[in-house]
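Summary of the model geometry
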Amino acid sequence: MIVNEMKLSKRLQTVAEHIPKGAVMADIGSDHAYLPCYCVLNDLASAAIAGEITDGPFLSAKQQVEKLNLSSLISVRKGDGLEVIQKGEVNAITIAGMGGSLIAHILESGKGKLTGKERLILQPNIHARHIREWLYKEGYALIKEDILEEDGKCYEVLVAETGDKDAAYKDISFRAGVLVGPFLAKEKTDVFVKKWSQELEHLKKIYQQIKVAAPSIENQQKLNELSERIEILKEVLERG
Ligand code: SAM
């Protein structure tokens, strides 16, 4: 691959846009290490760590870094989550392309490695709410969010730093903000409206199916939960 021709997916490009200029970054679950290679090649990061837990992706990350002659600037490390970094070694952490609960789990189990000064740039494929809940619990302020569509899939990007964790939730109820994203709800882009309108229709269908099923305490509990989520989504989609 010719170095200056390295192209990233729109999804990873959006993650890269939030890296503070010249950062030392860690990309956790880096797979092929495209993101740290791109960031270093384009002077978005001055150095990087690519962390991988699995042998195959770890090897492909190493090969990619060597192929681009970036071994002096990108350290490829094998390990679980944040265990591959030393405390204070980086000032930006990216975790992309996984479910929100796995990203929240990686942050929770590795929180001893965080100084609180790192910018966290997190890109869940699904269930971003688990990350927003974790960030709030740990005193991180959401400072920006993005939503994008690529190849028919919808992705969210959450950016957080330690700070006023309530600031992002001033104009929206916490339960709605955590579910759909306080910044995304405000911006209400076409992608956002499409994603949550589809989800609303899906939830309504499930609600009807459970409603005609045999009554049980379990089903009633599910109906209550679905009804709460349906109300939240209606409120979010209807507000101006
Ligand atoms: N970040 C890349 C992207 O967004 O295109 C790769 C995403 S890939 C679907 C997820 C990667 O995360 C896999 O290569 C997997 O091995 C790695 N992974 C999963 N859990 C991990 C953990 N606890 N620590 C480090 N890497 C992990």
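Above: the structure in question.
The structure presented is a predicted model; accordingly, all values stated were derived computationally and were not measured. (Residues numbered from 1 in each chain as written. Predicted model: local features only at pLDDT ≥ 70, side-chain atom pairs only at ≥ 80, totals over all residues. Heavy atoms only, no water.)

1. Section: the side chain of Thr94
Inspection of the secondary structure assignment puts Thr94 in strand E4 (residues 92–98). Among the polar contacts made by the side chain of Thr94, one reaches the side chain of Asp27 at a distance of 2.7 Å. Contacts of Thr94, omitting those with residues within four sequence positions, involve Val15, Ile19, Met25, Ala26, Asp27, Ile28, Leu35 and Ile121. (Helix = DSSP H or I, 4+ residues; strand = E, 2+ residues; numbered from the N terminus. Polar contact = N/O pair within 3.5 Å; in protein donor to acceptor, adjacent residues only side chain to side chain. Contact = heavy atoms within 4.5 Å.)

2. Some details on the sheet that holds strand E3 (residues 74–78)
Across the sheet, 7 strands lie side by side as E3-E2-E1-E4-E5-E7-E6; this open sheet has mixed pairing. Whereas interior strands pair on both sides, the edge strands pair on one side only; in this sheet they are E3 and strand E6 (140–150). Direction aside, neighbouring strands of the sheet carry axes that sit 15° apart on average. For strand E1 (residues 23–28) and strand E2 (residues 45–52), the ladder comprises 6 bridges, and the chain directions are parallel. In the sheet register, Met25 faces E2, and the bridge partner there is Ala48. Its contacts with the sheet put helix H5 (residues 129–137) on strand E5 (119–124), E6 and strand E7 (153–162), and the angle it makes with E6 is roughly 165°. Seen against the sheet, helix H8 (residues 190–212) touches E6 and E7 and runs at an angle of roughly 85° to E6. (Pairing = 2+ DSSP bridges. Axes fitted to C-alpha atoms, helices over the stretch in contact; angles between N-to-C directions.)

3. Let's talk about the pairing of E6
Among the 11 residues in E6, 8 count as buried, and that is most of the element. Across 10 bridges, E6 lies against E7 in antiparallel orientation. Its bridge partner lying in E7, Ala141 is registered against Glu161. Turn length for the E6-E7 hairpin, with the two strands adjacent in sequence and antiparallel, is 2 residues, and the turn residue Asp151 shows positive phi of about 50°. (Buried < 20%, exposed > 50% of the residue type's maximum accessible area, 1.4 Å probe, protein only.)

4. Regarding the environment of Leu226
By the element assignment, Leu226 lies in helix H9 (residues 217–238). With relative accessibility at 12%, the residue Leu226 sits in the buried group. Residues Leu226 and Lys204, spaced 22 residues apart in sequence, show a C-alpha to C-alpha distance of 8.0 Å. In this view, Leu226 contacts Leu203, Ile206, Tyr207 and Ile210; residues no more than four positions away in its chain are not counted.

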